[in-house]
Amino acid sequence: MAIFPFVAIVGQESLKDALLMSAVEPAIGGVLALGDRGTGKSTAIRALAALLPEIEVTRGCPYHCAPDAPAALCTICAQKAPRARERIGAPVVDLPLGATEDRVVGALDLERALANGEKRFEPGLLARAHRGFLYIDEVNLLDDHLVDLLLDVAASGENVVEREGLSVRHPARFVLVGSGNPEEGDLRPQLLDRFGLCVDVRTSHDLAERMEIVRRRDAFERDPAAFLKDWARKTTALRKKVVEARACIGDVTLPDAVLEKAVELCMTLGADGLRGELTLMRAARARAALSGEMLVSMETLKSVAPLALRHRLRKDPLDDSDAGVRVERAVSEVFVS
Amino acid sequence: MNSAAPPPPDRQASREAFERMDAARWGQADLAAALLALMPERLKGAVFDGAAPELAGLLQDRLIGYLPGNARLHRMPVSITDDRMMGGLDLAATLATGRPVAETGLLVRAHKGVLIVPMAERLPGRAAAQLARVIDTGECETERDGLSLRAGARFVTLAFADPDEPGELLPSGLGDRLAFGLSLHGVSPARIREETLTPELVAAARIRLPDVQVPDELVEALIESALRLGIRSMRAPAFCLAAARGIAALAGRETMSDADAALACELVFASRAQIRLEAAPPPAPEPPEASDEGNDERQRPQPEPDDLTELMVDAVRVRVSLDRDARARRIRVRTRQEVPTGKSGDMVDSRRHGSRIGARAGDPRRDGRLDLLATLRTAAPWQRIREAPAGGAIISVRASDFRVKRFRHRSEAVVIFVVDASGSSAMNRLAEAKGAIELLLSGCYARRESVALIAFRKEGADLLLPPTRSLTRVKRSLSRLPGGGGTPLAAGIAAAAQLAKIERRKRKAPHVVFLSDGQGNIALDGTPGRERAAEDARDMARRLRALEEPVLFFDISKRPSPQAELISTEMGAIYRPLPVADAARVSQSVRNLLLDQART
């Protein structure tokens, strides 16, 4: 099936922004998209795969190591010196709901073990997602222990397997993207704040926007090939922007005054720990890089605050208002002075 | 199913009117089948509510007839396991060959065919979510048991549901993925007459379909009607536009007409509309009909449908109100013949049920089901060292290699709050219950429990919040709580017992929590009078006790009252006086109750 192009998605700006920022700066720590059904959460994330630039890998390496900079943990690349290289699409692994742990982390290759008594590790989905994205749809329906495991690996960047007489460590750096509908059950709070950014995906109530959504969807389903062709130029342009942002993000500076405001904001909101501040900074840098700015401005910081902080607020039983509203309130408080 | 003049107001004619309505309902179901055959990949499927078994069979046959080629039917039982549904390890073949052999799942076998899901309202959330995803992507992906499978799985889904309680027909957003939702309550197969749609007509429409012109104002009108009907999902208007195009093609039109669009709205939006019954106009004597072009002789007392959106919203409203009437008639009949349920047969054996979370060493005869794959994995590294097994077997497996499956205990608790919402302090108590519910749900282990809320006031009890685990949903539905009026305690207890029974049938563990002063003044039939009310309440309390579910009773009167203690004893409840509003204490007591129950 053809995939609906990322650039043709109408609205959902925060979700698209969050995904692009994570593509530029994986250290942000993943994206959680929560919202109503039929708002195009999955569409956007699956569309990302087709948008991202290809990566160069060592042929035959199950972890997609970069030929010039193989991961220190990769035993395959460490073996022999010269290896062919190839370009592949950026990995975006869609985690099936019923996935079992052995296929996620990897396990003993049974066929080889039985046929020739060879003890060999068969890499799982975590290996396949290295240098890319791992997507969990309906993350609130996944078993807790699997979500925990995924968050651990995503945070540490390596997968440690100790099972069936195997002892394997391999690189697994990926951006974890989860989506879900809070009406079907909430995510545990412990899991919630381990995602870097959190997007509240809502349906648009704007008639013109809704018409455009339906029109494009209709055009795409009637003739996918022609539709993709119509949007090819914009796709290429956005891809170029991501490549450029990746190249320059190292040089983006964050002025002390902006950093001060970021810290102040986190304190006002009671976002515990350093995670909030770090995410806020990284997100602001990525956003600046995407817009071609070499200096993070106050405006940029303000614009990423809801994404980075809305899921880290202290629970306040007396304040019933939406988390996004609370963040915005704090933003206007902090930035007044 | 040709149109006729509105019936004169005598009984015979009104029966005829009903029959015509049934015929029209069936006509719409048949039309939905034809549209699915016309655009299977765009419209995905349909869910039918309250269809008689013969009717379901008939509908499947019609769909197969309309589909090109030899499409086949595949039935998916709701108890299907993950591996049978999505594909997994073929145990027999794996054992015979000594190497892992994959088995194709039902969804892949259904590719290019029709998937039938009977009793779909009982489909577990996880299975529904997996099916929803396959419907979305057209592919079935499996990562389990050491296998990594991926295959095309595009099929038409026909789901049949008939839930006890009103609410969503399908779990986990599955309904949103299927274009049509139609009610067939009360439609008798005997009354179905000849059909207007034929496979030839569908085949002809297939050729015409790409050229159907769509006027802009119709697109706008149908999107606006979706908004006005409170439909948030963007899938619905997309389905509706596609369906309207199909209807025009079936009718042989080059340009989509207003009636095509209105009919599509009815088919797609009626099951999704968020409208209150009071807002619906009285049922029109004659519902709009399939492929019956341009007849705008619909006689409605409602505002003249000069506005296109108005016309569409109206069509949907009429359909919703007719469906609710038909449903109500049917449900009333059913509750009268309700069977008593005991607790037998629903012991949950955590060794064999629930979702699989891994494997551990053990004896399969004692500890549950053998995990073949894990066992082979354990045995594999030793094959070189061990002697070749006797009797020509390929692998040598020893007792120490045995691994058994670990399951997650699934008997999930449902806390049913029953709150006195009568009189002046109603808002206070409800706020308290709401606070307790939110505290419970936001607790760390919240995921294992769901919560429901019944409030009683005026003449009866209302289920304000059906069992849910979602804090978001709680907040949404509790923000506008009603209150005031008399105290129908008996009705409250009866409703709680009823819900507890339903939940027990779903293999959940109900816990009932009362917030009341134990002093009812409205009898079960809604009439005032303290004596009858007290008697009824005691009767209902005994009935609740017979269910043997844990009950917690908070006496909310200022001073502990003898009536409250009495009724609490009658229902076998744990009694707790609660003179001062305290949500934290309520939630703590409930938590203790849950912990106690979990231990026993």
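Residues numbered from 1 in each chain as written. Chains lettered and ligands numbered in written order. Predicted model: local features only at pLDDT ≥ 70, side-chain atom pairs only at ≥ 80, totals over all residues. Heavy atoms only, no water.

### Comments concerning the overall build of chain B
The secondary structure content of chain B amounts to 21 helices and 17 strands. In the structure as shown, chain B presents an accessible area of about 26,800 Å², 51% of it carried by carbon and sulfur atoms. (Helix = DSSP H or I, 4+ residues; strand = E, 2+ residues; numbered from the N terminus. Areas by Shrake-Rupley, 256 points an atom, 1.4 Å probe, with all protein chains shown as cover.)

### Topic: the sheet that holds strand β9 (residues 180-183) of chain B
Residues and elements named next belong to chain B. Pairing in this open sheet of 5 strands is parallel, and the strands run β2-β5-β8-β1-β9 from one edge to the other. Both outer strands of the open sheet, β2 (73-75) and β9, are each paired with one neighbouring strand and no more. Averaged over neighbouring strand pairs, the angle between their axes works out to 20° when direction is ignored. Relative to strand β8 (residues 156-161), strand β1 (residues 45-49) runs parallel, the two sharing 5 bridges. Looking at the pairing, Asp-49 lines up with Ala-161 of β8. (Pairing = 2+ DSSP bridges. Axes fitted to C-alpha atoms, helices over the stretch in contact; angles between N-to-C directions.)

### Quick word on the interface of chain B and chain A
Between chain B and chain A, the residue contacts involve 69 residues of the former and 61 residues of the latter. Of the roughly 5,800 Å² buried between chain B and chain A on both sides combined, carbon and sulfur atoms contribute 52%. Where chain B meets chain A, there are 7 salt bridges. Counting across the interface, chain B meets chain A through 13 residue pairs in polar contact (both at pLDDT 80 or more). Grouping the amino acids of the side of chain B that touches chain A by side-chain chemistry returns 21 nonpolar, 16 polar and 32 charged. (Contact = heavy atoms within 4.5 Å. Buried area = accessible area lost by both parts, 1.4 Å probe. Salt bridge = Lys/Arg side-chain N within 4 Å of Asp/Glu carboxyl O. Polar contact = N/O pair within 3.5 Å; in protein donor to acceptor, adjacent residues only side chain to side chain. Nonpolar A, V, L, I, M, F, W, Y, C, P; charged D, E, K, R; others polar.)

### Things to note about the sheet that holds strand β15 (residues 509-516) of chain B
All names here are of chain B. A sheet is described by the order of its strands in space; here 6 strands give the open sequence β14-β13-β12-β15-β16-β17, paired in mixed fashion. Whereas interior strands pair on both sides, the edge strands pair on one side only; in this sheet they are β14 (460-468) and β17 (574-577). Strand-to-strand twist across the sheet, computed as the mean angle between neighbouring axes with direction ignored, equals 15°. In this sheet, β15 lies alongside strand β12 (residues 413-420) in parallel orientation, the contact comprising 7 bridges. If you follow Val-414 over to β15, its bridge partner there is Pro-510. Each of β12, β13 (449-457), β14 and β15 touches helix α18 (residues 489-505); the most contacted strand, β15, lies at about 165° to it.

### Section: the pattern of salt bridges
Residues and elements named next belong to chain B. All chains considered together, the criterion is met by 42 salt bridges over all chains. Measuring nitrogen to oxygen at the nearest pair gives 2.8 Å for the salt bridge that ties Asp-176 to Arg-235. Taken as a pair, Asp-176 in helix α8 (residues 174-177) and Arg-235 in helix α11 (residues 235-250) lie far apart in primary sequence, 59 residues in all. On the basis of relative accessible area, Arg-235 is assigned to the partly exposed category, the value being 21%. Measuring nitrogen to oxygen at the nearest pair gives 3.9 Å for the salt bridge that ties Glu-224 to Arg-228. (Buried < 20%, exposed > 50% of the residue type's maximum accessible area, 1.4 Å probe, protein only.)

### Some remarks on the packing of helix α1 (residues 13-24) of chain A against helix α13 (residues 275-290) of chain A
Residue and element names in this part refer to chain A. The geometry of α1 relative to α13 is characterised by a closest axis approach of 9 Å and an angle of 95° between their N-to-C directions. By the angle between their axes, α1 is roughly perpendicular relative to α13. Residue-level contacts link Asp-17, Leu-20, Met-21 and Val-24 of α1 to Ala-283, Ala-286, Arg-287 and Leu-290 of α13. By residue class, the composition of the contact of α1 with α13 is 6 nonpolar, no polar and 2 charged. (Parallel < 35°, antiparallel > 145°, perpendicular 65-115°, else oblique.)

### So, the pairing of β12 of chain B
If a strand is regular, its side chains alternate between the two faces of the sheet. Residues and elements named next belong to chain B. β12 sits mainly inside the fold: 8 of its 8 residues count as buried. Sheet topology places β12 next to β13; 8 bridges connect them, and they run parallel. Across the sheet, the residue bridging to Val-415 is Val-451, located in β13.

### With respect to helix α10 (residues 216-228) of chain B
Residue and element names in this part refer to chain B. Relative to the 18 Å expected for 13 residues at 1.5 Å per residue, α10 spans 18 Å between its end C-alpha atoms, a close match to the ideal helical length. The complete set of buried residues in α10 reads Leu-218, Val-219, Ala-221, Leu-222, Ile-223, Ser-225 and Ala-226. Of the residues flanking the end of α10, it is Gly-230, one or two places downstream, whose phi is positive at about 75°. (Expected span 1.5 Å × (residues − 1).)

### Some points on the environment of Gly-529 of chain B
Relative to the helices and strands, Gly-529 of chain B resides in the loop between β15 and α19 (530-546). Put simply, Gly-529 of chain B and Ala-251 of chain B are 278 residues apart on the chain and 62 Å apart in space, counted from C-alpha to C-alpha.

### Things to note about helix α20 (residues 562-570) of chain B
Residues and elements named next belong to chain B. Burial in α20 covers these residues: Ala-564, Ile-567, Ser-568 and Glu-570. Here the buried residues of α20 occupy an arc of 160° about the axis, which is enough to place them on one side. Residues of α20 that are exposed and point more than 90 degrees away from the buried face comprise Pro-562 and Thr-569. A positive backbone phi angle near 65° is found at Gly-572, which sits one or two residues after α20. (Arc of directions from axis to C-beta.)

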